[in-house]
Amino acid sequence: EGVRVKAKEERFARGCGFFKLASLFILGAFLGDIVETVFCLATTGRLMSRSSLVFGPFSIVWGLACALLTWILYRYRDKSDRYIFVFGTILGGAYEYVCSVFTEMAFGTVFWDYSHIPFNLGGRINLLYCFFWGIAAVVWMKGVYPFLSRQIEKLPARAGRAVCSVLLVLLAADMLISALALARYSERQTGSPEQTAVGQILDEYFPDEFIEKRYENLKLAD
């Protein structure tokens, strides 16, 4: 009996705690990038980078969405599909709007513009994509999340915590470098020379050609 209780307590990422959300953030960032890349290929016939970061196939917008959506909707996971759809539609639209405002204010860049789609709000969100968020919320909470949660909890507790922690540190470093590279890209477009050692390194390793290929839909904010 004591062995069984200890084994249960040592299960990795039980419930909806830090390591479960962190694992979903990492998986969501990776899977979101892959799904969006395939979607763009299927709809436009072009294979383009959809990553948020300069290194690796990771979309931070999707990773945060998976973690935040799970954290907020976890207590309502047994509610009806209609309830979760409405909640997800509103929550997803608000999230995408905030992300759009943040990236424009932080980096002076625009990563998406829905001005050409009917029923948009400042080009940041539109009604159709908000509905997509609602559908995604239902699919995620009723199907994808339960499956991923079970798989994550199968990991050995100690190894799971170690791997998750290392990946979070690497992603954090990638996010910092990406933020600096994007900020420096915006500065270069205004003709601002860089005198610091960090700026010179960014100019060398992340020139305009690299940034514009990595972020194909990127444009400067007006």
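Residues numbered from 1 in each chain as written. Predicted model: local features only at pLDDT ≥ 70, side-chain atom pairs only at ≥ 80, totals over all residues. Heavy atoms only, no water.

Chemist: Please set out the packing of helix α6 (residues 157-189) against helix α7 (residues 197-205) residue by residue, giving values where relevant.
Modeler: Viewed as axis vectors pointing N to C, α6 and α7 meet at an angle of 90°, and their least axial separation amounts to 10 Å. Classified by the angle between their axes, α6 and α7 sit roughly perpendicular to one another. Along its contact with α6, which presents L180, A181, R184 and R188, the element α7 presents G199, L202 and D203. Within the contact of α6 with α7, the residues separate by chemical class into three nonpolar, one polar and three charged. (Axes fitted to C-alpha atoms, helices over the stretch in contact; angles between N-to-C directions. Helix = DSSP H or I, 4+ residues; strand = E, 2+ residues; numbered from the N terminus. Parallel < 35°, antiparallel > 145°, perpendicular 65-115°, else oblique. Contact = heavy atoms within 4.5 Å. Nonpolar A, V, L, I, M, F, W, Y, C, P; charged D, E, K, R; others polar.)

Chemist: I'd love a proper account of the packing of aromatic side chains, names of residues and values included.
Modeler: Overall, the coordinates contain 15 aromatic pairs when judged by the stated rule. Plain terms: the ring middles of Y83 and F87 are 6.2 Å apart, the flat faces sit at 75° to each other, and that makes the pair edge-to-face. Placement of both Y83 and F87 in helix α4 (residues 81-107) is noted, with a separation of four residues, approximately one turn of the helix. Judged by centre distance (6.1 Å) and plane angle (25°), the rings of F85 and F131 are stacked. Of this pair, F85 sits in helix α4 while F131 is found in helix α5 (residues 127-153), placing the two residues 46 residues apart along the sequence. Residue classification places F85 among the partly exposed residues on the basis of a relative accessible area of 28%. Taken together, the ring pairs connect F12, F18 and F19 into an aromatic cluster. Its end group placed over the ring of Y74, R77 keeps NZ or CZ at 3.9 Å from the ring centre. Above the plane of the ring of Y97 lies R124, whose end atom (NZ or CZ) is 5.7 Å from the centre. (Phe/Tyr/Trp six-rings, centres within 6.5 Å; stacked < 30°, edge-to-face > 60°. Buried < 20%, exposed > 50% of the residue type's maximum accessible area, 1.4 Å probe, protein only. Lys NZ or Arg CZ within 6 Å of the ring centre and 35° of its normal.)

Chemist: Residue-level account of the environment of G56, with values.
Modeler: Assignment of secondary structure puts G56 in the loop between α2 (18-44) and α3 (60-73). On the accessibility criterion, G56 (30% relative accessible area) is partly exposed. A sequence separation of 23 residues divides G56 from D33, and the C-alpha atoms of the two residues are 9.7 Å apart. Filtering out sequence-adjacent residues up to four positions away, G56 remains in contact with S51 and R214.

Chemist: I'd like a description of the side chain of S51, backed by residues and values.
Modeler: Within the secondary structure, S51 sits in the loop between α2 and α3. Here L53 takes part through its backbone nitrogen, which lies 3.0 Å from a polar atom of the side chain of S51. Side chain to side chain, S51 and R214 meet in a polar contact 3.4 Å long. (Polar contact = N/O pair within 3.5 Å; in protein donor to acceptor, adjacent residues only side chain to side chain.)

Chemist: I'd like to hear about a nonpolar patch on the surface, residue by residue, with values.
Modeler: Nonpolar side chains collect at one region of the surface, where L27, F30, L31, I34 and V38 lie side by side and expose about 380 Å² of accessible area between them. Its location among the elements puts I34 in helix α2. (Patch = residues over 30% accessible without salt bridge, like charges linked within 9 Å, V, L, I, M, F, W, Y side chains within 5 Å. Areas by Shrake-Rupley, 256 points an atom, 1.4 Å probe, with all protein chains shown as cover. Salt bridge = Lys/Arg side-chain N within 4 Å of Asp/Glu carboxyl O.)

Chemist: Quick rundown of the nonpolar core? Include the residues and the values.
Modeler: Note on soluble globular proteins: their nonpolar side chains tend to be buried together. Ranked by internal contacts, the top residues of the largest apolar core, which has 23 residues, are F12, L24, F25, L73, I84, W140 and M141. Among the secondary structure elements, those contributing two or more residues to this core are α2, α3, α5 and α6. No other element matches the seven residues that α5 contributes to this core. Discounting chain neighbours no more than four positions away, the residues touching F12 are F19, S23, I152, E153, L155, P156, A157, G160, R161 and C164. Ranked by size, the runner-up nonpolar core spans 18 residues in total, among them A65, F111, W133 and L218. (Core = buried A, V, L, I, M, F, W, Y, C linked by side-chain atoms within 4.5 Å.)

Chemist: Go over the packing of α3 against α5, please, and point to the residues and values.
Modeler: Two packed helices can be described by the angle between their axes and the distance between those axes. For the pair α3 and α5, the least separation of the axes is 11 Å and the interaxial angle reads 70°. Here α3 is positioned roughly perpendicular relative to α5, judged by the angle of their axes. On the side of α3, the interface is formed by W62, A65, C66, L69, T70 and L73, while α5 contributes W133, A137, W140, M141 and Y145. Split into classes, the residues belonging to the contact of α3 with α5 amount to 10 nonpolar, one polar and no charged.

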